[in-house]
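Listed here are the chains, written in short residue letters.
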Amino acid sequence: MLTQVYSAALAAAEPHVELPVPAGVIGGGIFVVFLLLMFATVAFTSVGNRHPAVEEHVDPHRQHPNKHDHGQARH
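Residues numbered from 1 in each chain as written. Predicted model: local features only at pLDDT ≥ 70, side-chain atom pairs only at ≥ 80, totals over all residues. Heavy atoms only, no water.

J.: What's the story with the overall build of the protein in this structure? I'm lost.
T.: Check the secondary structure of the protein and you find two helices and zero strands. Out of the 75 residues belonging to the protein, those deemed buried represent 3%. (Helix = DSSP H or I, 4+ residues; strand = E, 2+ residues; numbered from the N terminus. Buried < 20%, exposed > 50% of the residue type's maximum accessible area, 1.4 Å probe, protein only.)

Shown next as structure tokens:
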């Protein structure tokens, strides 16, 4: 246990490596990626509302019913 703590302390004490690009560039890139994801989400929010809902055909002879027919297929 003490060896692990000593190793962690040594790793924390080592000098940090400088990044090849400034931190603002990395943060800005992440921000742009999230903006693109947000715009894609906003663009597709109304896809489900383009057409009126159509009732699903209930097939009583289906081998594996989906159990979403609300009792319509029962005789």
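J.: I'm lost on helix α1 (residues 2-13) in this one. Help?
T.: Every α-helix winds through 3.6 residues per turn, so residues three or four apart in the chain are directed the same way. A rise of 1.5 Å per residue sets the reference length of α1, with its 12 residues, at 16 Å; its end C-alpha atoms lie 16 Å apart and thus fit the reference within 8%. The buried fraction of α1 is low, at zero of 12 residues. (Expected span 1.5 Å × (residues − 1).)

J.: For this particular structure, what's the right way to read a nonpolar patch on the surface?
T.: A cluster of nonpolar residues, Leu19, Val21, Val25, Ile26, Ile30, Val33, Phe34 and Leu37, forms a patch on the protein surface that exposes about 730 Å² of accessible area. Tracing the chain through its elements places Ile30 in helix α2 (residues 23-43). Judged by its relative accessible area of 44%, Ile30 falls in the partly exposed class. (Patch = residues over 30% accessible without salt bridge, like charges linked within 9 Å, V, L, I, M, F, W, Y side chains within 5 Å. Areas by Shrake-Rupley, 256 points an atom, 1.4 Å probe, with all protein chains shown as cover. Salt bridge = Lys/Arg side-chain N within 4 Å of Asp/Glu carboxyl O.)

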